[in-house]
Amino acid sequence: MDHAEHGQHAGHGGGSHDQGQQHPLGIYFKIWGLLFVLSAASYMVDYAQVQGLLRWSLIIIFMLLKAGLIVAVFMHMVWERLALIYAILVPPLLLITLIGIGALEADYTFLSRGEFFAPVEEPKTSANH
């Protein structure tokens with residue numbers, strides 16, 4: 001076996017395995033730019049003094065988008081098998097769903113207790129009778 005054959009056999013000759021493991025740097029620069037834009041949008045929510053539910057909804061949406069991009073590209077999840085993606089993403093999504101259902105149930109229980117177990121106020125009578 002000569003040197004050229006040995007290099008190709010060992011994976012140094014530009015085989016398909018090496019090409020499949022490398023990603024162009026341009027995609028990383030594009031994701032960095034997108035993360036910068038999403039961070040700027042998140043700061044603009046504070047700068048514009050958006051208040052209430054809209055403020056928190058926008059902040060959480062921007063946060064989840066940034067986290068998703070980081071996991072997908074920088075942690076290479078976008079290039080993984082579907083089974084691995086499901087194994088990593090489905091449990092947290094189920095937990096978030098169950099926490100949301102629990103929060104809705106807690107609000108319902110709190111409001112129901114206030115409705116049915118609130119102290120009854122005595123009717124006010126006039127002292128001049």
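In this text, all values refer to a predicted model and were calculated from it rather than measured experimentally. (Residues numbered from 1 in each chain as written. Predicted model: local features only at pLDDT ≥ 70, side-chain atom pairs only at ≥ 80, totals over all residues. Heavy atoms only, no water.)

**Topic: the overall build of the chain**
To be explicit about the condition: Only runs of H or I of at least four residues qualify as helices and only runs of E of at least two qualify as strands under DSSP, and these elements are numbered from the N terminus. When a residue's accessible area, from a 1.4 Å probe over protein chains only, is under 20% of the maximum for its type it is buried; when over 50% it is exposed; and in between it is partly exposed. By definition, residues are in contact when any of their heavy atoms lie within 4.5 Å. Computed with the Shrake-Rupley method and a 1.4 Å probe, the accessible areas treat only the protein chains shown as cover for residues.
Tallying secondary structure elements over the chain gives five helices and zero strands in all. Helices (α) and strands (β) of the chain occur, in sequence order from the N terminus, as α-α-α-α-α. Within the span of the chain, comprising 129 residues, buried residues form 12% of the whole. In the chain, of all internal contacts separated by at least 6 residues, the share reaching a separation of at least 24 is 54%. Here the chain displays about 11,300 Å² of accessible surface, and carbon together with sulfur accounts for 68% of that area.

**So, the confidence of the model for the chain**
Quick reminder of the rule: A residue's pLDDT is simply how confident the predictor is in it, with values from 0 to 100.
Of all residues in the chain, 79% have pLDDT values of 70 or greater, and the mean over the chain is 80. Of all the helices and strands in the chain, helix α1 (residues 3–9) carries the lowest mean pLDDT, 46, while helix α3 (residues 25–47) carries the highest, 92.

**Some thoughts on the pattern of salt bridges**
Filter applied, for reference: What counts as a salt bridge is simple: a side-chain nitrogen of Lys or Arg found within 4 Å of a carboxyl oxygen of Asp or Glu.
All told, the structure shown has one salt bridge when counted by the stated rule. For R55, the salt bridge identified is with D46, shortest N-O distance 3.0 Å.

**Regarding the packing of aromatic side chains**
Just so we agree on the cut-off: Note on ring pairs: Phe, Tyr and Trp rings are taken, using the six-membered ring of Trp, and paired if centres are within 6.5 Å. Classes follow the plane angle, with under 30 degrees stacked, over 60 edge-to-face and the rest tilted. For a lysine, the NZ atom is tested; for an arginine, the CZ atom; a charge sits over a ring if that atom is within 6 Å of the ring centre and within 35 degrees of the ring normal.
Enumeration according to the criterion identifies three aromatic pairs in this entry. In textbook terms, an aromatic cluster arises when at least three aromatic residues are bridged by ring pairs, as seen for Y28, F29, W32 and F74. Here the basic side chain of R55 rests over the ring of W56, its NZ or CZ set 5.1 Å away from the ring centre.

**A look at the side chain of R55**
With respect to the element layout, R55 can be found in helix α4 (residues 53–74). When sequence neighbours within four positions are dropped, the list of residues in contact with R55 reads V45, D46 and V50.

**Here we look at the packing of α3 against α4**
Selection rule: To obtain an axis, a line is fitted to C-alpha atoms, over the contacting stretch when the element is a helix, and the angle between two such axes runs from 0 to 180 degrees between their N-to-C directions. Here roughly perpendicular refers to angles of 65 to 115 degrees, roughly parallel to angles under 35, roughly antiparallel to angles over 145, and oblique to all remaining angles. Two helices crossing with the near one rotated counterclockwise from the far one by less than a right angle form a left-handed crossing, whereas a clockwise rotation gives a right-handed crossing. Under the scheme applied, nonpolar residues are Ala, Val, Leu, Ile, Met, Phe, Trp, Tyr, Cys and Pro; charged residues are Asp, Glu, Lys and Arg; polar residues are all the others, including Gly.
One way to put it is that α3 packs onto α4 with a least axis distance of 10 Å and a crossing angle of 165°. Relative to α4, α3 is oriented roughly antiparallel. Crossing hand, α3 versus α4: left-handed. On α4, the residues that touch Y28, I31, W32, L34, L35, L38, S39, A41, S42, V45 and D46 of α3 are R55, L58, I59, F62, L65, K66, L69, I70, V73 and F74. By residue class, the composition of the contact of α3 with α4 is 16 nonpolar, two polar and three charged.

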